[in-house]
Amino acid sequence: SRLPGQIGLYLGITGNHVGSSDALFAGLGDLCIDSARLGELEALIDSFNPADGSLRDQVSALADCTLPAAVLEALQPAIDLHFAQPDIAAIRASLASEQRPEYRDWAQRTLEIIDNRSPLAMAVTQAMLLRGRTLALADCFAMELHIGRQWFEKGNIMEGVRALIVDKDNSPKWDPPTPEAVTDDWIDAIFAPLPENEKWTPLA
């Protein structure tokens, strides 16, 4: 939720993965170490002595990856424009209106992803990330745990499992079926507190 601009919303809503270059650009990582040097990294950590200096400085000496340019850096102007919209329907409409040549293909691919995702899941993810911008980490974890509990009863997880794993028809029947049909009531129901008799209590 605290990635630069609207990158967090873009990644959360689409579920897209990122590679090393994008992870470093977005602040999800600090260093890139070639997999061939992981043995050296493990040995360094095992033998680390604070008297020899900071671990970060020593690990930095192993960071020698040659990486391509970050895709997210090139896309950020478009990401920030489209994913700053107030809801998923508006994000979709904004993407559909993209006419700049350097972003048009990306916008079309992103539309195809959104059209295959659960509208409710995307809307709840957007709401969760926006709320998470002002919450402490522990509260973010609590919110995610709560939503995970609600998702089986009020979300579309079982329909996704049916369409992708059980029947394999790849034609989920989402409820509600479109981003335009997702109202605040649908979203609020996912975030609503559980009844006392359904609340989760951690084991001692």
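Data block above holds the structure.
Conventions adopted
- Residues numbered from 1 in each chain as written.
- Predicted model: local features only at pLDDT ≥ 70, side-chain atom pairs only at ≥ 80, totals over all residues.
- Heavy atoms only, no water.
- Patch = residues over 30% accessible without salt bridge, like charges linked within 9 Å, V, L, I, M, F, W, Y side chains within 5 Å.
- Areas by Shrake-Rupley, 256 points an atom, 1.4 Å probe, with all protein chains shown as cover.
- Salt bridge = Lys/Arg side-chain N within 4 Å of Asp/Glu carboxyl O.
- Helix = DSSP H or I, 4+ residues; strand = E, 2+ residues; numbered from the N terminus.
- Buried < 20%, exposed > 50% of the residue type's maximum accessible area, 1.4 Å probe, protein only.
- Phe/Tyr/Trp six-rings, centres within 6.5 Å; stacked < 30°, edge-to-face > 60°.
- Lys NZ or Arg CZ within 6 Å of the ring centre and 35° of its normal.
- Lys, Arg positive; Asp, Glu negative; His and termini not counted.
- Charge placed at Lys NZ, Arg CZ, Asp CG, Glu CD.
- 1 Å grid on protein atoms, 1.4 Å probe; cavity = no way out; pocket = protein on both sides within 12 Å on 5 of 7 lines; lining within 4 Å.
- Points joined across faces, edges and corners; volume = space filled by probe spheres on them.
- Nonpolar A, V, L, I, M, F, W, Y, C, P; charged D, E, K, R; others polar.

What about a nonpolar patch on the surface?
On the surface, Leu164, Ile165 and Val166 cluster together into a nonpolar patch covering about 310 Å² of accessible area. If you trace the backbone, Leu164 turns up in helix α10 (residues 157-166). Note on Leu164: relative accessible area 53%, which makes it exposed.

A word on the packing of aromatic side chains
Aromatic rings considered in pairs are described by the distance between their centres and by the relative angle of their planes. Scanning the model with the defined rule gives 2 aromatic pairs in all. Considering the side-chain rings of Tyr10 and Phe83, the 5.3 Å spacing of their centres and the 70 degrees angle between planes classify their relative orientation as edge-to-face. Linking Tyr10 in helix α1 (residues 7-14) with Phe83 in the loop between α5 (71-82) and α6 (88-96), this pair joins segments that are 73 residues apart in sequence. For Tyr10, a relative accessible area of 5% puts it in the buried group. Judged by relative accessible area, Phe83 falls into the buried class, the value being 0%. Members of the aromatic cluster, joined through ring pairs, are Tyr10, Phe83 and Trp106. A cation sits over an aromatic face here: Arg131 above Phe191, 3.8 Å from the ring centre.

Quick notes on a negative patch on the surface
A cluster of acidic residues, Asp87, Glu180, Asp184, Asp185 and Asp188, forms a negative patch on the protein surface. Within the element layout of this structure, Glu180 appears in the loop between α10 and α11 (184-191).

Here we look at the pattern of salt bridges
Considering all chains together, one arrives at 8 salt bridges under this definition. Put simply, Arg37 and Asp64 hold a salt bridge, and the shortest N to O gap is 3.0 Å. Pair noted here: Arg37 is in the loop between α2 (20-26) and α3 (38-46) and Asp64 is in the loop between α4 (55-60) and α5, with a separation of 27 residues, a long-range link. Assessed through its relative accessible area of 21%, Arg37 is described here as partly exposed. On the basis of relative accessibility, which here comes to 44%, the residue Asp64 falls in the partly exposed class.

Quick notes on the layout of surface pockets
With a probe scaled to a water molecule rolled over the atoms, the places where space remains empty come into view. Approximately 350 Å³ is the volume attributed to the largest pocket. Lining the largest pocket are 19 residues, and of these Asn116, Arg117, Ser118, Leu164 and Trp174 sit closest to its centre. Every element with two or more residues in the lining of the largest pocket is listed here: α1, α8 (119-132) and α10. Residues that form the lining of the largest pocket fall into these classes: 9 nonpolar, 9 polar and 1 charged.

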